[in-house]
Amino acid sequence: MKNRKNSEQQFDPDLKPDEFRKLGYQVIDQIADYYSTIRDVRVFPKSTSKEVEEIFYEDLPEEGQQPEKILEQWKKDILPYTTHLGSPRYFGYVNGSGSMIGTLAEALASSVNMNSGGWKASPAATEIERRTIKWVAELIGYPVTCGGLFTSGGTMANFTALLTALRNTAPYDTTEDGLQKADFHSKFTIYMSEHEGHISITRVADLLNLGRNSIRRVPDREDFSMDPEALRSMIRKDIADGLTPVCVVAQVGSINVGVIDPLEEIAAICKEHDIWFHADGACGAVGAMLPEKKHLYKGLELADSVTLDPHKWLYIQYECGCVLVKNSEKLRRSFSLNASYLRGTLPTEYSGLDYYEHGPQMSRGFRALKVWMTLKAYGANGYRKLLTQNIRCAEHLDLLVRNSGDFDSFHQPNLFIYSFRYMPKRYRAAVQENPGLKDEINRKLDQINQMIADEIQLSGTAFVMTTRLRGLTVLRLSICSHRTTLKDIDLVFSKIREIGRKVVLDKTGDEIDQVV
Ligand SMILES: *Cc1c(COP(=O)(O)O)cnc(C)c1O
């Protein structure tokens with residue numbers, strides 16, 4: 001073998017300290033500029049998928065490029081085609097706004113490239129995650145002796161909880177036999193409410209390969225919460241029919257109306273039949289930190305597991321979900337695995353909790369840092385103020401709707417989600433005069449409300465989406481930005497009305513009558 005020539009130097013892509021500093025300061029300046037315009041930025045870019053695709057049409061870069069050039073693209077090509085979730089008038093899906101200190105936390109976490117899958121790769125990160133999980137539990141009144149971890153989101157948190165449910169309630173060892181035990185002829189079932197049960201549980205049924213038919217939809221009550229009596233009789237009947245109930249998933253702040261299922265009653269039914277009780281609080285569980293809302297959450301502490309999403313109502317940046325499991329040993333047993341390359345052969349005291357044994361991921365980022373830092377920066381009290389501000393906005397919107405005469409309300413604003421629809425007076429009068437017209441008018445209103453949402457998105461003023469409530473298309477605002485004020489709500493409400501009138505005029509050629 002020939003000796004390597006001295007001239008064949010090792011390729012070193014790292015920047016010199018001064019270069020890094022210079023670029024880093026530029027990036028920070030850009031981020032600071034961005035934050036200073038976040039209140040006024042156009043919320044949704046008016047551009048088609050094709051237009052955006054073409055901007056990024058580029059051959060695979062064979063040779064490296066200057067970092068300055070690459071970073072320039074952020075401002076030139078990326079920001080203009082971005083939907084701004086941090087805007088105070090972004091009300092889509094359930095998307096948090098992103099805390100500033102969380103942005104800095106992300107930079108720090110990635111600078112050391114922490115992998116908090118195994119303790120040895122991340123001693124401080126692991127212990128910060130353990131501490132933060134306890135803080136989160138304490139914040140919502142859940143036993144701090146619980147286990148749990150941060151996940152990519154609510155869906156994976158629900159998956160983690162439901163696999164744990166299956167592992168700990170099935171009448172045989174599903175860790176070894178999965179769903180393929182030859183002499184097991186029953187079927188596993190999961191329960192959630194008919195109207196408000198979240199679609200992520202469907203994904204979980206996919207991942208667990210239980211099949212979507214394993215999900216049993218429980219009828220709900222007038223206020224959209226699960227009817228516990230219906231749940232009880234459904235479970236009794238299913239057991240009598242030879243099925244094997246695994247888990248009841250309660251909504252803790254539901255996706256369309258923010259309702260909280262009757263947790264204490266569901267807990268009692270689960271206990272009666274030895275069924276796992278999971279509380280899906282991806283959007284709403286953190287509301288339990290508010291004394292004025294505490295009564296709605298009675299029974300949350302009884303849940304075997306809880307999902308909550310810091311990237312929703314804790315304003316943490318993506319990705320960050322969280323699952324809490326009351327009995328941490330049950331969680332560990334459900335995910336534990338071992339391989340010689342994961343652990344040394346002799347135990348030493350220089351080891352600790354390996355998160356790969358507590359959840360679906362092996363390698364995992366340092367998500368806990370942004371939650372830990374933001375919680376320290378805001379304090380529990382800061383969070384209580386922010387959550388209360390959001391609830392006040394939802395209540396304010398509800399008041400505007402109820403006092404309007406040309407909008408319909410459908411529910412109390414329990415938390416920060418509010419659904420309603422535009423209902424011009426003339427349409428209301430027509431239905432009152434001739435109830436036979438109801439279906440036809442509802443179909444028209446479905447279209448009108450959808451067009452309002454589409455138009456307001458394109459206007460750039462605010463981002464609003466629709467959903468379906470008991471068969472009707474309604475406008476839905478998820479107000480979980482720490483930046484939203486009552487003024488923003490006034491603004492979006494008048495914009496909705498303005499667009500609504502225009503849509504009706506364009507559609508029917510009729511002027512809308514004067515509105516109070
Ligand atoms: C958002 C949400 C989920 C899914 O969470 P992701 O973070 O989007 O994966 C699950 N359940 C409820 C009630 C939700 O609101």
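Conventions we followed
Residues numbered from 1 in each chain as written. Predicted model: local features only at pLDDT ≥ 70, side-chain atom pairs only at ≥ 80, totals over all residues. Heavy atoms only, no water. Axes fitted to C-alpha atoms, helices over the stretch in contact; angles between N-to-C directions. Helix = DSSP H or I, 4+ residues; strand = E, 2+ residues; numbered from the N terminus. Parallel < 35°, antiparallel > 145°, perpendicular 65-115°, else oblique. Contact = heavy atoms within 4.5 Å. Domains from an automatic or database assignment. Buried area = accessible area lost by both parts, 1.4 Å probe. Salt bridge = Lys/Arg side-chain N within 4 Å of Asp/Glu carboxyl O. Polar contact = N/O pair within 3.5 Å; in protein donor to acceptor, adjacent residues only side chain to side chain. Nonpolar A, V, L, I, M, F, W, Y, C, P; charged D, E, K, R; others polar. Near = heavy atom within 4 Å. Areas by Shrake-Rupley, 256 points an atom, 1.4 Å probe, with all protein chains shown as cover. Core = buried A, V, L, I, M, F, W, Y, C linked by side-chain atoms within 4.5 Å. Buried < 20%, exposed > 50% of the residue type's maximum accessible area, 1.4 Å probe, protein only. 1 Å grid on protein atoms, 1.4 Å probe; cavity = no way out; pocket = protein on both sides within 12 Å on 5 of 7 lines; lining within 4 Å. Points joined across faces, edges and corners; volume = space filled by probe spheres on them. Pairing = 2+ DSSP bridges. Patch = residues over 30% accessible without salt bridge, like charges linked within 9 Å, V, L, I, M, F, W, Y side chains within 5 Å.

### Quick look at the packing of helix α1 (residues 17-37) against helix α3 (residues 67-78)
Piece 1. At their nearest, the axes of α1 and α3 sit 11 Å apart, and the two run at 5° to each other. Accordingly, the angle class assigned to the pair α1 and α3 is roughly parallel. Residue-level inspection shows Leu-23, Val-27 and Gln-30 of α1 in contact with α3, the latter providing Pro-67, Glu-68, Leu-71, Trp-74 and Lys-75.

### A few points about the domain arrangement of the protein
Piece 1. The assigned domain composition of the protein is domain 1 (15-81), domain 2 (143-173 + 184-342) and domain 3 (381-515).
Piece 2. With 8 residues of domain 1 at the contact, the number on the domain 3 side is 10 residues.
Piece 3. Across the domain 1 to domain 3 interface the summed buried area is about 720 Å²; carbon plus sulfur atoms make up 61%.
Piece 4. Looking at the side of domain 1 facing domain 3, the largest losses of area belong to Arg-39, Val-43 and Phe-44, adding up to 60% of the total buried there.
Piece 5. Along the contact surface separating domain 1 from domain 3 lie 0 salt bridges.
Piece 6. Counting every contact that joins domain 1 to domain 3 gives 3 residue pairs in polar contact (both at pLDDT 80 or more).
Piece 7. Considering only residue class, the side of domain 1 that touches domain 3 consists of 5 nonpolar, no polar and 3 charged.

### Thoughts on the site of the ligand
Piece 1. In the vicinity of the ligand there are 14 residues, among which Gly-154, Thr-155, Asp-280, Asp-309 and Lys-312 approach most closely.
Piece 2. The contact in question runs from an oxygen atom of the ligand to an N or O atom on the side chain of Asp-309, over 2.7 Å.
Piece 3. In the model, an oxygen atom of the ligand is placed 2.8 Å from a nitrogen or oxygen of the His-311 side chain.
Piece 4. When isolated, the ligand has an accessible area of 380 Å², and the protein chains bury 84% of it.
Piece 5. When contributions to the shell around the ligand are tallied by element, the ones reaching two or more residues are α6 (154-169) and α11 (310-313).

### Some thoughts on the nonpolar core
Piece 1. The biggest cluster of nonpolar side chains holds 65 residues, and the ones touching the most others in it are Leu-231, Val-248, Leu-300, Val-306, Trp-313 and Leu-324.
Piece 2. For this core, the leading source of residues is helix α13 (residues 368-402), giving 9 residues.
Piece 3. The two domains that each donate at least three residues to this core are domain 2 (143-173 + 184-342) and domain 3 (381-515).
Piece 4. With residues up to four places along the chain from it excluded, the contact list for Val-306 reads Ile-140, Tyr-142, His-278, Ala-279, Ala-285, Leu-300, Cys-322, Val-323 and Leu-324.

### Focus: empty space enclosed by the protein
Piece 1. Summed over the entire model, instances satisfying the criterion amount to 1 cavity of 30 Å³ or more.
Piece 2. In this structure, the largest cavity encloses a volume near 50 Å³.
Piece 3. Lining the largest cavity are His-198, Gln-251, Gly-253, Ser-254, Ile-255, Asp-280, Gly-281, Ala-282, Cys-283 and Lys-312.
Piece 4. Residue composition of the lining of the largest cavity, by class: 3 nonpolar, 5 polar and 2 charged.

### Topic: the pairing of strand β3 (residues 215-218)
Residues in a regular strand point their side chains to alternate faces of the sheet.
Piece 1. Sheet analysis places strand β2 (residues 188-193) next to β3, joined by 4 bridges and oriented parallel. From the neighbouring strand, Tyr-191 faces β3, where its bridge partner is Arg-216.

### Digging into a nonpolar patch on the surface
Piece 1. Taken together, the side chains of Phe-56, Trp-74 and Ile-78 present a nonpolar region at the surface, about 280 Å² in accessible area.
Piece 2. Looking at the element boundaries, Ile-78 is found in helix α3.
Piece 3. The partly exposed category is assigned to Ile-78, whose relative accessible area is 30%.

### So, the layout of surface pockets
Piece 1. Considering only enclosed or pocket space, the largest pocket measures out at about 760 Å³ in volume.
Piece 2. Lining of the largest pocket is provided by 28 residues; of these, Ile-31, Tyr-34, Tyr-35, Trp-74 and Thr-103 occupy positions nearest its centre.
Piece 3. Those elements that provide at least two residues to the lining of the largest pocket are α1, α3 and α4 (100-111).
Piece 4. Looking at which element gives the most residues to the lining of the largest pocket, the answer is α1, with 7 residues.
Piece 5. Summarising the domain contributions, the lining of the largest pocket has at least three residues from each of domain 1 (15-81) and domain 2 (143-173 + 184-342).
Piece 6. Looking at the second largest pocket, its volume works out to about 590 Å³.
Piece 7. Along its surface, the second largest pocket is lined by 18 residues, and Phe-20, Gly-24, Val-27, Ile-28 and Ala-107 are the ones closest to its centre.
Piece 8. Secondary structure elements with two or more residues in the lining of the second largest pocket: α1, α3 and α4.

### Quick word on the pairing of strand β11 (residues 472-478)
Piece 1. The element β11 is extensively covered by neighbouring structure, given that 7 of its 7 residues are classed as buried.
Piece 2. Across the two faces of β11 the burial is the same, with Leu-472, Val-474, Arg-476 and Ser-478 and Thr-473, Leu-475 and Leu-477 all buried.
Piece 3. Two elements, strand β10 (residues 465-469) and β11, share 5 bridges in a ladder whose sense is antiparallel. Each bridged residue has a counterpart across the sheet, and for Met-465 the counterpart in β11 is Arg-476.
Piece 4. Once β10 ends, the chain turns through 2 residues before running back antiparallel as β11, passing Arg-470 with a positive phi of about 45°.

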